[in-house]
Structure formats: C-alpha cells, structure tokens
Amino acid sequence: MLSFALRRFALAALILLVAVTLMFLMIRAVPGDPVQIMLGPRATPELQARLTAELALDQPIWRQLVIFYGNMLQGDLGTDVFSGRSVTQIVFQQLPFTLELIFASIIWSAALGILLGAYAAAHPNTVIDRTVAVLSVSFVAAPAFVVALLSLLLFAVHLQWFPAIGVGDGFWDRLDHLVLPAFAIGLSWVGYIARLVRASMLEVLGENHIRTARAFGLAERRIVMVYALRIAILPVVTVIGVGMGFLLSAAVFAEIVFARPGLGKLVIDSITTRNYPIVMGSVLISTGLFVVSTALADLINAWLDPRARTST
Amino acid sequence: MTETLLEIDGLSVDYETERGDLKALRDISFDVRKGEIVGIVGESGCGKSTLISSILRLTAPNTRFRQGEVRFKGQNLLQATERQMRDLRGDDISIVFQDPMQTHNPVLSVGQQMVDIQHRSSASKAEKRAKAAKMLGAVGIPDPEARLSQFPHEFSGGMRQRIAIAMALMSEPDLLIADEPTTALDATLEVQIIERLRELQREMHCAVLFISHHLGVIAELCDRVVVMYAGAVVESGDVREIFHNPKHPYTRRLIECDPGHIKTRARVLPTIPGEVPDLANLPGGCIFRDRCDQAMDRCAQEVPPLERLGEGHLAACWLNHEEVSA
Amino acid sequence: MTDATIEKPRSELGIILTGVARNPLGLMGLIIVGAIVFSAIFAAWIVPYDPIAMNIQDRMQGPSASHWLGTDQLGRDTLSRVIMGGQVALKVALPAVFGAMVIGLTLGMIAGYGPKWLDNMLMLLFDTIRSFPTVMFALAVVALVGPSLQTVVFVVMATSIPTYGRVARTQTLTLRNSEFILAERSMGASMARILGVHMLPNIIGVLAVLAAMDIPTVIALEAGLSFLGLGVKPPTPSWGALLKDGYALIRQTPWLVVGGGLPIIIATLGFTFLGESLRDVVDPKLRKNR
C-alpha cells in the first residue's frame, strides 16, 4: 500500500512536471515578444523590465526553464501585472469559492447517482431501470453551462425560487446561493455515476458471494445497499477524482452565469484585462488540483478495498 | 423409521432459453430424513446445482418449475412466499457452496459477515462475535478471535471453506446442503474437511444433502445415495447396496471410473465415452442409451421407469426387467 | 480466440444504420442528427432572414408569426441565427473531431507498435494533456493566441487526441499479438502494410464510435467558449453567442437563452443517442471501457 502510494504520487509529480514544461513551451511558442504579449498595450518600460527579469528572458532558454521550475517549486507563479501582488496569493483567495461549489456538486450528484444506479441495478429491465437509463444519458449529454443558463432563467429570473447571483452571507444564505450552480454542474454527474454504479452493481450482484448472502436469508435491502454497494461503489471514487477536472471546467461557466467569485471568474476577468500571469497561474493551480485529486482518488480507492489495502 | 425432513416429489424444472426450454430436471423424487446424510452424485451438468437452488428457491430468473413439489417439514417450498423462504434460508436450511474463493464478500471482514448472518438472533453484537469465534474454533481455525477481523482474501482456500461450514452450521440447521464443498481443495484438505463435517454433523444431528461427483467421498460419508444423470434420477438407495450391487449401467461406470477411494482426488472425472444428451432436445427412450454398452432395442423406444428393486433400492433400467422376467 | 474477440467492423453502412434505427433512442438520434446536418447544409436557403442583418426597429421582439423565435438587441432574427449557428457548430466539431481522430490514431498506433520508450513517452504526454481541465486549458490557449474559430478547433484537437491515442494504442497492442498479424509478420509483411492494411480497419470502427460520442462534447465546448466571448467572433451566429446575448439581457430577451440553449441540448442529445447506439451495434465491448 505504501509503495503503491509512493509510486502513484511519483507519477503525479512527473505529470505535473511535464505539464509545467508544456505551459512554458506554450508561452514561448507564441510568436512575438512574450513580455509585450503578456503586458499588452499597457506595457510601461518599468513593467517590461520587471517581467523580463522575472521570466529570465535575458538568459538562455534552458536556464529560463530551470528558473521557471524553481519558481514553481517555491510556489511563485509570478505577479499580478496591475497590483504587483503574488499570483499564488490571489488565486488561493478565490479557490475556496470554487472548491465549495465543486464539493457541493459532488455530494449531491454522487448521492443521487449512486441511489439511482443501485436502484436500477436491483430492478433490472423494469420501467424504472429504463427510465433511469434514458435520464442518465440525457443528463450526461446536457452541457453544464446550458443547464446553468436555463435554470437561471427558469428558477431565478422567472420563478424567483433561488437567488440569481453572488455567493451570499451566512450558512443558509450561502447554501441558497449554491443550489442552482451546484445543480447545473452536478447534473451530468448524476448521469455518469448512475450509469457507472448500475453497471458495476449488476456485475457484483451476479457474483457468488451475493448468492451466499441470499442463502443466509439476509434482507434484500441489506444485500443491495451493503454487500453489493460496498464493492460497486469503488469505481465511483476513481471517477470522482477524474471528475474534479470536469467539474473545474464546468465551475468556470457556473461562476460566470451566476456571477460567483472563484477561479473561473478570476481567469475570465484576467483574460479580459490581459492579466496573463494570473491566467497562467490559475491554469497551473487548477491542473495541480486535478492531478492531486486523481492521485488521491486512486489512493482512497485502494484504501477502501481491503484486498488492495492489506497487500503490499 | 425416522421422520422425513425433505421430500422432493416429481420435480421438473426447465430453463427458458433462446433455443427453447432446457429440461434441467425431470421428475426427480427422493427424500431426506432427519439426521441422515444423503449423497447426490453425477457428472457436471446432471442437474445437481439446479436441484439445490430449487430447494432454496435461489434460481435464475429464467427458471420455470413445471411440476412436482419440494416439501420441507411438510410445507411445499415452491408455493411458499418469498418471506417464508427467507426465514428458512440460513436458519432451517443452510448451504455450503462449491467455490470457497468466491463465496464470501471480499470487502467485509469475516467477523462482520458471521455477525450479519445471525440477523434473526436478538443477542448483542459482542455475543454474536463470541458465537462466531466459537464456531470458527469448532471447524478448526486457530486463534479465531483475532481472525474475525480479517478479510476473506487473508485466508487460504481450505480455511475459507471451513469458514463457510462454520457459517452454515451457526444456526444449527435441520438440513445442511453441501454443494461439492471439497471439489476445489486438494486431497489432504478434503479428508480433513470431510471428517470435521461429519463430527459436527454428529454433534448437531442435522441432516445433510451432500452433492459430489466424487464417489469415494460419498461412500465414506453418506447413508444413502441418489445417482443423477442428465436431469433425472437413474438409481437411488442405501450406500452399501448401491456400491456393491449397482443396478444401473451408469452407476456401474461411475464406480469403475472412480480412481481408487478417498485417498486420491478426481479433478476431472475419468471419462465415460459419449456425451450427455442435449437437454433442450431430448431423444426418446432411455437417456443413457447412447453411452450404454448394454443398450437394447427397447431402450430406444421406451423410457425405463424408476422401479423398486429391493429395500429402498430404485433404478431406471430395462436390464433389470430382463432379469426379472427372465 | 483473438480473431473472435476483435471482429472486423462490418463494412456495410446499411447494416449498421439498420441496427441503430432498431433502437428507439438510436432512431431518435438519427432523426435529430439528420435534421441538424440537413439544416446546416441548406442553411443559406432555409433561413427566413439574413442572420446578421440588423433591424433596429424590430429589436428585442418576443416570438411572433414573423419572427418565430423573436429578435435580439440588434433586431436580428433568432431563428435564422439558430439555423446558421448549427452550421457553425458542425464547422468546428467535424474538422476538430476528425483531426483529433487521425492524429490520435497515428500516435496511438505508433505507441502500440513502436519501441517501449516511445510508448512510455507518448503515454506520459497523453496523461499530461488529460490532466489539464479542458476549459482551463482552452482559456490559457485563448489568452495566448486570441479567440477565433481556429483556436477552438485547435483546443478541441489537442485535448481529445489523448483519448483516441489511448484507445488506438490498446487496440494495436491487442492486435499486435493476434494470430493473423503474427502470420503476416512471419511472411515478411512490411510494417506499413501491417499497420495500414491489417490493423487500421480493425481500429477505425472503435475510433469512429468514440468520435461520434465526442461530437456533443465539442459542440458544447465551442458553444461554451463563444458564450464566454472567447470562441467564434461576432457577428458570426453561433449558439454560444446567442446565449451570450441572451444572458446579457436575460430579463428583456429570455427567448434568446431558450433559442440558444435548446438547440445545444437537442444536438448533444441527438449525437449522444446516435453515438451510444452506434457503439452498441459496432462494438458492445466498448461499453465497459468508457
């Protein structure tokens, strides 16, 4: 287990290293003077000089890369073109809003998805099963930002059940503001997870140990919800880890549509104001988040499965 | 004469398939009395598994009970409600399945599973754990308290089968069904487990329906034996009578083919030439005719009835008629 | 046997389409996709108005007999923009998916057939690209090179190449050791011949199904970027741009949100239904790989 964890994190670190390199190469591959592009029309000689020094543009390219790595390792993602504040600081200020949204979405979509999937698998080929199947495909197919817009229109503007914009103050108000955005970006995950759970559940329900549980007269509910689901749920953990990337993407739209602060809003605003260090910093941090959460999901998965946990 | 516990009476079971109905069991009749060990023997595909899943009503969805009854303590299980069946399973009737490697839930500890199956008892969790540990000790698992918190994959195949037996006997059932419990194990383990099973059976006085394709084990363990071929009973009776005086050519071939007795294990049954008939498309006459070296004209025309040939000895073969009439 | 597990994809398009149409959802997908493709091809002839012609007098009108889906803040006819938007969506989705498929196929076959170190390198590259959250990656690229139709196509290709690459690699690895390939190799067939003549037809079916299932994602990404103002540039009509206009004036012109949102949902549903039933017909095993 420990060596598995080490190997998994080594892979994550390697992927991050390549990701950083790719970002570096991308910035360099853009024709023209990077400083000029990054600063845009607002470039003053003073700012230009500072950025040139920061990016070590006067050095040979391999040295630039080494310095780039060094800065990353120290958590230095550059400085805000306007305020001169550290990009890392600015990004981490916005991150909690995005994480709040993502976790809310994961919680409700995983709970509902698992329930639907397990129920459908326990009653295969019934009307409910078929309905769940069609709904799942439809949910998966519906793009989050369109769902966000349509639900904004229907539930906030038209019916006025929920607030349209912002994050709110205090626990209940914040929760109230979370409902629509979390609904919008979680919907396709309900579909994903329901399909996944149904498939793995059907497989598990066919296994011999389930027949044993039945032969001992255990209640069907307990067999499905404990004996089978404990196993069928394992792939869901992995998928949620991978899902972080999708949810980070979807959160960008939800933040724009519902005018919530967060990583996505920060990036879009920074693109509009051509504040590139913030854009790059946010992209790198969200990538890091994604890579770490995928690795963590694999570890949690291994830990939840006693067969993997107790083996080396 | 002791009281009858389980009666299978004219049971016919089909599987509905795309190729048509598969006649998995045809007119099966036998009974198991209280405290007695009855063996069922036959090749793979003879309907043994269908039979036991029919008794417990744990059958695949495409199963159709066409005829007959399965009576347990006089109650027809095929008419019982799902609720009534659930009350029987793991309480009055327990089962040990064939493949010990897959018979337990892989993500729940052995202790958890053994506590769970005592769901009918009102004892505290600690008491249930203590009982589970006691049962593990009884089937010969050392240090049972500590091993309760381990997971199935931490036990060897033999150990897992002992756990399965411990679980099956925990409720002190009236009937224990053992479905080839030792087939997946090697010979020494097989002997140990069979002996342990017999000791426990004597202690608890439960009846056992022991399914095997290993005649040696059956001879060693059972009081009576039922020989099945292609979904039908071809011969049944007292173990000694069957072994010393088999009245059906199939039984005779089985005995001939059994490699010595209990010391060696038949992984694959030495072959009797020919194939089991297609259950979806049964030929007329005797089902064993194609593989029988003593087949006669009559065997192709009429199905031989299962007839009483002696004290509790039944066989379905025209040869016996020849003898009787000759 | 290997030959049995990797069936040659049935070449007859008719058989496949019949199989798809037999499934109610597949039939629905076929009809929706057919309608979208038809209206995209003949968009110029079927639009009731010029989709980019402004008409300030008729601005911000609700749905009516003359403008079925109303007009926007510049008086442009929403229905016409929806129809033309479908053309734009396909103009982005088809080349992007096709390009990604071809490049992913090539890289995947190289990874599967080539030396181990190259395989490892390509797989690491694939894993890395997949580790960028798609939209974040798109935003980074847009920030660097500016928004345009080509940027969207590039982003889509870059982010979906790894998926095709991985599947093509797995298939190549499986096929590589199959009997008929071993036989070819022992008879001295060239690598190009083995890859092109024997492996390609066996891999392409699976990839085509993946591609069909990828189209909705691409349509959504294009619309999303255009919604953010980072995709197709105005005044080009795009479903995302419709949503952007509708969102800006959501209280005044809500029909723009509906007019832009419903086509996206219908199109993604149509392509998904089609892709799913296509997969069931062509390669039921793929169900588990996704």
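Since this is a predicted model, take the numbers as computed values, not measurements. (Residues numbered from 1 in each chain as written. Chains lettered and ligands numbered in written order. Predicted model: local features only at pLDDT ≥ 70, side-chain atom pairs only at ≥ 80, totals over all residues.)

## Side note on the nonpolar core
The nonpolar side chains of a soluble globular protein tend to be buried with one another. Residues Ala148, Leu149 and Ala254 of chain A together with Leu139 of chain C are the most contacted members of the largest nonpolar core, which totals 275 residues. Among the elements that make up this core, the one with the highest residue count is helix α10 (residues 191-227) of chain C (18 residues). (Core = buried A, V, L, I, M, F, W, Y, C linked by C-beta atoms within 7 Å. Buried ≥ 20, exposed ≤ 12 C-beta atoms within 10 Å, placed from the backbone. Helix = DSSP H or I, 4+ residues; strand = E, 2+ residues; numbered from the N terminus.)

## What to know about the sheet that holds strand β6 (residues 93-96) of chain B
Residues and elements named next belong to chain B. One open sheet holds the eight strands; their spatial order is β6-β7-β8-β3-β9-β10-β12-β11, and the pairing between them is mixed. Lying at the two open borders of the sheet, with one neighbouring strand each, are β6 and β11 (307-310). Neighbour-to-neighbour, the strand axes of the sheet open up by a mean angle of 20 degrees, direction not taken into account. Note that strand β3 (residues 37-41) and strand β9 (residues 224-229) share four bridges and pair parallel. In the strand pairing of β9, Val41 is matched with Val227. Here helix α6 (residues 157-169) sits on the sheet and contacts β6 and β7 (175-179); the angle it forms with β6, its principal contact strand, is near 175 degrees. (Pairing = 2+ DSSP bridges. Axes fitted to C-alpha atoms, helices over the stretch in contact; angles between N-to-C directions. Contact = placed C-beta atoms within 7 Å.)

## Quick word on the interface of chain A and chain C
Every contact between the two is made by 40 residues of chain A and, on the other side, 38 residues of chain C. Secondary-structure elements contributing two or more residues to the side of chain A that touches chain C are α1 (2-29), α6 (127-141), α7 (144-158), α11 (234-257), α12 (263-272) and α13 (276-304) of chain A. The leading source of residues in the side of chain A that touches chain C is α13 of chain A, at eight residues. Among the residues forming the side of chain A that touches chain C, the class breakdown is 35 nonpolar, five polar and no charged. (Nonpolar A, V, L, I, M, F, W, Y, C, P; charged D, E, K, R; others polar.)

## Describing the interface of chain A and chain B
Interface size is commonly expressed as the accessible surface area that is lost when the partners come together. Listed per partner, the contact involves 18 residues of chain A and 23 residues of chain B. Counting only elements with at least two residues in the side of chain A that touches chain B, the list comes to α9 (208-215), α10 (220-232) and α14 (306-309) of chain A. No other element matches the seven residues that α9 of chain A contributes to the side of chain A that touches chain B. Across the side of chain A that touches chain B, the residue classes tally to seven nonpolar, five polar and six charged.

## Structural notes on the confidence of the model for chain B
As a note on interpretation, predicted positions should not be read in detail where pLDDT is low. Averaged over every residue, the pLDDT of chain B is 84; the share at 70 or more is 93%. Confidence estimates for the predicted assembly give a pTM of 0.81 and an ipTM of 0.84. (pLDDT = per-residue confidence, 0-100.)

## A closer look at the sheet that holds strand β2 (residues 20-33) of chain B
Residue and element names in this part refer to chain B. The strand order across the open sheet built from four strands is β2-β1-β4-β5, with neighbouring strands paired in antiparallel fashion. One side of each edge strand has no neighbouring strand; the edge strands of this open sheet are β2 and β5 (75-76). Inspection of the sheet shows strand β1 (residues 4-17) paired to strand β4 (residues 63-72) by eight bridges, in the antiparallel sense. Within β4, the position partnered with Ser12 by the bridge is Gln67. The sheet contacts of helix α1 (residues 48-56) involve β1, β2 and β4, and relative to β2 the element is tilted by about 70 degrees.

## What about unusual backbone geometry?
Here Lys73 of chain B, not a glycine, exhibits a phi torsion of approximately 50 degrees, which is positive. For Lys73 of chain B, the position within the fold is in the loop between β4 and β5.

## Things to note about the arrangement of the chains
Of all two pairs of chains sharing an interface, the pair with the highest contact count is chains A and C. You won't find any contact between chain B and chain C; their C-alpha atoms come no closer than 20 Å.

## Quick look at the pairing of β6 of chain B
All names here are of chain B. On β6, burial covers both faces: Ile93 and Ile95 on one face and Ser94 and Val96 on the other are all buried. Where β6 and β7 come together, four bridges link them in parallel fashion. What sits directly across from Ile95, in β7, is Ile177.

## Quick notes on α6 of chain A
Every α-helix winds through 3.6 residues per turn, so residues three or four apart in the chain are directed the same way. For α6 of chain A, spanning 15 residues, the distance from its first C-alpha to its last is 21 Å, which sits close to the expected 21 Å at 1.5 Å a residue. For α6 of chain A, every residue scored as buried is listed here: Val132, Ser136, Val137, Phe139, Val140 and Ala141 of chain A. Elements in contact with the buried residues of α6 of chain A: α5 (87-122) and α8 (171-205) of chain A together with α10 and α12 (254-282) of chain C. (Expected span 1.5 Å × (residues − 1).)

## Let's talk about the pairing of β11 of chain B
Looking at chain direction, β11 of chain B and strand β12 (residues 313-315) of chain B are connected through three bridges and run antiparallel. By the bridge assignment, Glu307 of chain B is partnered in β12 of chain B with Ala315 of chain B.

## Some details on the environment of Gln160 of chain A
Tracing the backbone through its elements, the reader meets Gln160 of chain A in the loop between α7 and α8. Along the chain, Gln160 of chain A and Val179 of chain A lie 19 residues apart, while their C-alpha atoms are 13 Å from each other.

## A few points about the packing of α1 of chain A against helix α6 (residues 116-130) of chain C
It is at 9 Å that the axes of α1 of chain A and α6 of chain C come closest, and there the two elements cross at 75 degrees. Considering the angle they form, α1 of chain A stands roughly perpendicular to α6 of chain C. Contacts between α1 of chain A and α6 of chain C involve Leu14, Ile15, Val18, Ala19 and Leu22 of chain A from the first element and Leu124, Asp127 and Thr128 of chain C from the second. Tallied by class, the residues present in the contact of α1 of chain A with α6 of chain C amount to six nonpolar, one polar and one charged. (Parallel < 35°, antiparallel > 145°, perpendicular 65-115°, else oblique.)

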